[in-house]
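# Examining the three-dimensional arrangement
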Amino acid sequence: VRNIALVTTALANGDLSQKITVEAKGEIQELKSTINGMVDKLNMIIGEVNSVMSLVGEGALMRLIEVEAGGEFAAMVDGINGTIESLRGIVTELRDAGVNIGQVSQNTLNAGQEMNGMVMQLSTSVEQIAEGAPRRAEGNGRPSRRHPLPRARAVRDAARARRHPRHRPQAS
């Protein structure tokens, strides 16, 4: 009886390293087998929980706790496994969101580059029109009503200033 009391006290304090070792018969033998079986079962459950939780702590969410457990231990195992499954879902959603953000960023960059190309083309066209207007006006011998010379020069200078911000036109 003394050995049983020592082992059950150790169990109550969380020490799962001890077992009942004395020879016994009858009901005491049954009690001994039950307590030693409980120690083995607790060691197995706690060992599996610790192993899986260690992996979770390292960020590995691929393994679940796989032990036969009943009562409150089964509820604990189910709760931990449910938490791991939830974490897997969250990680998957975050990964997918990151991929989507990357795609949107790339699309935005591509659109910006395309718009920049269009602006440059438009600026070049405006500059060419502005440069050609004075020649057409001079070729007629009179300033064009559609493209008065000062206005054409102003448009040309504005286009150049947009393309080359450091070379602003001088006031005339």
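Here, every reference points to the structure presented above.
Residues numbered from 1 in each chain as written. Predicted model: local features only at pLDDT ≥ 70, side-chain atom pairs only at ≥ 80, totals over all residues. Heavy atoms only, no water.

When helices and strands are counted, the protein shows four helices and zero strands. Along the protein, helices and strands appear, N-terminal first, in the series α-α-α-α. Looking at the protein residue by residue over its 172 residues, the buried ones come to 22%. Across the protein, the fraction of contacts at a sequence separation of at least 24, relative to all contacts at a separation of at least 6, is 45%. When the accessible surface of the protein is split by element, carbon and sulfur atoms take 56% of a total near 12700 Å². (Helix = DSSP H or I, 4+ residues; strand = E, 2+ residues; numbered from the N terminus. Buried < 20%, exposed > 50% of the residue type's maximum accessible area, 1.4 Å probe, protein only. Contact = heavy atoms within 4.5 Å. Areas by Shrake-Rupley, 256 points an atom, 1.4 Å probe, with all protein chains shown as cover.)

Along the chain, Val1 falls in the segment before helix H1 (2-12). The exposed category is assigned to Val1, whose relative accessible area is 76%. Spatially, the C-alpha atoms of Val1 and Val22 are 9.1 Å apart, while their sequence positions differ by 21 residues.

To continue, consider the nonpolar core. Among soluble globular proteins, nonpolar side chains are generally buried collectively. Core analysis: the largest hydrophobic core is formed by 10 residues, namely Ile45, Val49, Val52, Val56, Leu61, Ile65, Val67, Val77, Ile80 and Ile84. Going through the elements one at a time, helix H2 (27-57) and helix H3 (71-140) are the ones with two or more residues in this core. At four residues, the largest contribution of residues to this core is made by H2. Among the nonpolar cores identified, the runner-up in size contains eight residues, and Leu16, Ile35, Val39 and Leu42 belong to it. (Core = buried A, V, L, I, M, F, W, Y, C linked by side-chain atoms within 4.5 Å.)

Bringing H2 into the picture now. Its 31 residues give H2 an end-to-end C-alpha distance of 44 Å, which sits within 8% of 45 Å, the value for a rise of 1.5 Å per residue. If you check which residues of H2 are buried, you get Lys32, Ile35, Asn36, Val39, Leu42, Ile45, Glu48, Val49, Val52 and Val56. At the exit of H2 stands Gly59, carrying a positive phi of roughly 95 degrees. (Expected span 1.5 Å × (residues − 1).)

This brings us to the side chain of Glu48. Mapped onto the elements of the fold, Glu48 is located in helix H2. The residues contacting Glu48, other than those within four sequence positions of it, are Arg63, Leu64, Ile65, Glu66 and Val67.

Here we come to the packing of H1 against H2. Two elements in contact, H1 and H2, have axes separated by 11 Å at closest approach and are oriented at 25 degrees. With respect to their mutual orientation, H1 and H2 come out roughly parallel. The chirality of how H1 crosses H2 is left-handed. Contacts from Ile4, Val7, Thr8 and Leu11 in H1 reach Ile28, Leu31, Ile35, Met38, Val39 and Leu42 in H2. Counted by class, the contact of H1 with H2 contains nine nonpolar, one polar and no charged residues. (Axes fitted to C-alpha atoms, helices over the stretch in contact; angles between N-to-C directions. Parallel < 35°, antiparallel > 145°, perpendicular 65-115°, else oblique. Left-handed = near helix turned anticlockwise from the far one by under 90°. Nonpolar A, V, L, I, M, F, W, Y, C, P; charged D, E, K, R; others polar.)

Here the focus is a nonpolar patch on the surface. Taken together, the side chains of Val1, Ile28 and Leu31 make up a nonpolar region of the molecular surface, amounting to roughly 280 Å² of accessible area. Among the secondary structure elements, Leu31 is positioned in helix H2. Here Leu31 falls in the partly exposed class, since its relative accessible area comes to 38%. (Patch = residues over 30% accessible without salt bridge, like charges linked within 9 Å, V, L, I, M, F, W, Y side chains within 5 Å. Salt bridge = Lys/Arg side-chain N within 4 Å of Asp/Glu carboxyl O.)

For H1, every residue scored as buried is listed here: Asn3, Ile4, Val7, Ala10 and Leu11. Within H1, the buried residues cover an arc of 130 degrees as seen down the axis, which keeps them to one side. Turned more than 90 degrees off the buried face of H1, the exposed positions are Arg2, Leu6 and Ala12. Check the buried side of H1 and you find it contacts H2. Phi turns positive one or two residues past the end of H1, at Gly14, with a value near 90 degrees. (Arc of directions from axis to C-beta.)

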